[in-house]
Every structure is written in C-alpha cells, then in structure tokens.
Amino acid sequence: MNSFGKLQEKMKEIEKESGHRGYYYKVSDALTIMICGMLYNLQTISDIHEWSKSESIRELLLKEFGIYKYPSRAQFYNLIGCINPQKFIYSLIIKTQL
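**Looking at the overall build of the protein chain**
Logical step 1: Each helix and strand counted, the protein chain has six helices and zero strands in total.
Logical step 2: Beginning at the N terminus, the succession of helices and strands in the protein chain can be written as α-α-α-α-α-α.
Logical step 3: Evaluated residue by residue, the protein chain yields a buried proportion of 36% over its 98 residues.
Logical step 4: When the accessible area of the protein chain is evaluated, it comes to approximately 6200 Å², of which 55% is carbon and sulfur surface.

**With respect to the side chain of H49**
Logical step 1: Mapped onto the elements, H49 comes out in helix 3 (residues 45-52).
Logical step 2: In this structure H49 touches P71, S72, R73 and F76, once residues within four positions along its chain are discounted.

**Concerning helix 2 (residues 27-39)**
Logical step 1: Here helix 2 is 13 residues long and its end C-alpha atoms lie 18 Å apart, about the 18 Å a rise of 1.5 Å per residue gives.
Logical step 2: Burial analysis of helix 2 places 11 of its 13 residues in the buried class, which makes it a mostly covered element.
Logical step 3: Those residues of helix 2 lying buried are V27, S28, D29, A30, L31, T32, I33, M34, I35, C36 and G37.
Logical step 4: With its phi angle positive at about 70°, N41 sits one or two positions after the end of helix 2.

**Topic: the packing of aromatic side chains**
Logical step 1: As enumerated under the stated definition, the model contains one aromatic pair in all.
Logical step 2: Ring centres of Y40 and W51 lie 4.9 Å apart, and the angle between their planes is 50°; this geometry places the pair in the tilted category. Highlighted residues: Y40 in the loop between helix 2 and helix 3 and W51 in helix 3, separated in sequence by 11 residues.
Logical step 3: Using a relative accessible area of 48% as the deciding quantity, one classes Y40 as partly exposed.
Logical step 4: What makes W51 buried here is its relative accessible area of 12%.

Conventions used here
Residues numbered from 1 in each chain as written. Predicted model: local features only at pLDDT ≥ 70, side-chain atom pairs only at ≥ 80, totals over all residues. Heavy atoms only, no water. Helix = DSSP H or I, 4+ residues; strand = E, 2+ residues; numbered from the N terminus. Buried < 20%, exposed > 50% of the residue type's maximum accessible area, 1.4 Å probe, protein only. Areas by Shrake-Rupley, 256 points an atom, 1.4 Å probe, with all protein chains shown as cover. Contact = heavy atoms within 4.5 Å. Expected span 1.5 Å × (residues − 1). Phe/Tyr/Trp six-rings, centres within 6.5 Å; stacked < 30°, edge-to-face > 60°.

That's the geometry; what it means functionally is another story.
Structure, rendered in structure tokens:
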C-alpha cells in the first residue's frame, strides 16, 4: 500500500472514533484534505479551504484519494471540534510506527 493509501486508512480510523458525521462529505476525506493542506504549509482552516477549491488541487485529490465532495469552511471548523486529539495522534503517528 502506498503512502496515500495509508493516510486514507488512518483517516477512516479517526472517523469511526470521532462520532461526527459529514453532511455530504466523508469525514475521512475532510481530514485527508486538512492534512494535505498542512503538508503544503497552510496554517489556517481558511487557507486550507481556499486551497482545496482550486481546480488543480481538486484534480489531485480526486486522482490520489478519490475525493470529490468537499466540506465548507464552517464544516471544517465543526469537524475540528469533534476530533479527539489523543486518538488522532495515536492513529496517525503511533500506530504507523508499530
């Protein structure tokens, strides 16, 4: 499994633990978008949201992750409030090293 596939799997694990349901998007997709935005050195939800609206980034997200539905800026903020930071760190970092 490539790195992109591993990232997507980790985001699905977090979705199951968070108790948040996306309205028309997958929570794992929104988390994947946020992590990719941070890897692009974007530092705010607003920056990540604007970045994810560009055509070239949407093509990349569709090609690499199969993401075609995107949360609004407010939905990104709501999602952040529902994520347990300890579970996020465990799923993303610690489990990856096991």
